[in-house]
Amino acid sequence: MQVALLIAKLNSVFALRDLGRLTYFLGIEVSYYEGSIHLSQTKYVSNLLHRTVMLDTKLVKTPGAVRQNLSKFNGKPIRDASHYRNVVGALQYLTITRHDIAFAVNKACQFMQQLTSAHWLFVKRILRYLGGTMHDGLLLNSSNQLTIKGFTDADWGA
């Protein structure tokens, strides 16, 4: 009821139009399932992988290698960092629904000033991981308790 009052109040000031149930907004796909909402960025990931020519590469099970230490001294320096920065910026936006890559993306961001080929290989690993987990996202349930649970395609029935 509170929402209806708010909408009526806003409609008295602004011209509003009901667009129905939200399905896609700013690269975030919204699906509804038995009282839950699933947020994913499947199309966004697909476009990113296509843009980086990583759509058909070998998949990996983790976004980062175990015990992999990055430093500004590993690898050969990259002269034009614009492509790297563009991809890492896209990965940062992806962390809205993909918290599983947040640590690795943060690690990739720490070397923006002095990029090397090792940093690009690290970002490519994140992209290879995304290729195999493209449909993963956040599942939001209505509940009186706060619980956080991982979500995969198998949970969704895909």
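Cut-offs applied
- Residues numbered from 1 in each chain as written.
- Predicted model: local features only at pLDDT ≥ 70, side-chain atom pairs only at ≥ 80, totals over all residues.
- Heavy atoms only, no water.
- Pairing = 2+ DSSP bridges.
- Helix = DSSP H or I, 4+ residues; strand = E, 2+ residues; numbered from the N terminus.
- Axes fitted to C-alpha atoms, helices over the stretch in contact; angles between N-to-C directions.
- Parallel < 35°, antiparallel > 145°, perpendicular 65-115°, else oblique.
- Left-handed = near helix turned anticlockwise from the far one by under 90°.
- Contact = heavy atoms within 4.5 Å.
- Nonpolar A, V, L, I, M, F, W, Y, C, P; charged D, E, K, R; others polar.
- Core = buried A, V, L, I, M, F, W, Y, C linked by side-chain atoms within 4.5 Å.
- Buried < 20%, exposed > 50% of the residue type's maximum accessible area, 1.4 Å probe, protein only.

## A closer look at the sheet that holds strand E3 (residues 36-40)
- Strand order in the open sheet formed by four strands is E1-E2-E3-E4, and the pairing between neighbours is antiparallel. Strands with a single pairing partner mark the edges of an open sheet, and in this sheet they are strand E1 (24-25) and strand E4 (137-141).
- Where E1 and strand E2 (residues 28-33) come together, two bridges link them in antiparallel fashion. Note that in E2 the partner of Tyr-24 across the bridge is Glu-29.

## Topic: the packing of helix H2 (residues 42-51) against helix H3 (residues 82-94)
- Two numbers describe how H2 lies on H3: the axes approach to 11 Å, and their chain directions differ by 165°. Judged on the interaxial angle alone, H3 and H2 are roughly antiparallel. At the point where H2 passes H3, the crossing takes the left-handed sense. Where H2 abuts H3, its residues Tyr-44, Val-45, Leu-48 and Arg-51 lie against Asn-86, Val-87, Ala-90, Leu-91, Tyr-93 and Leu-94.
- Each residue belonging to the contact of H2 with H3 can be placed in one class, and the counts come to eight nonpolar, one polar and one charged.

## Side note on the nonpolar core
- Membership of the largest hydrophobic core comes to 28 residues, with the highest contact counts inside it found for Tyr-84, Leu-91, Val-123, Ile-126, Leu-127 and Leu-130.
- Every element with two or more residues in this core is listed here: H2, H3, helix H4 (102-109) and helix H5 (117-132).
- Here this core gets seven residues from one element, more than from any other, and that element is H5.
- Excluding its chain neighbours within four sequence positions, the residues that come into contact with Leu-130 are Val-45, Leu-49, Leu-91, Leu-94, Arg-98 and Ile-101.

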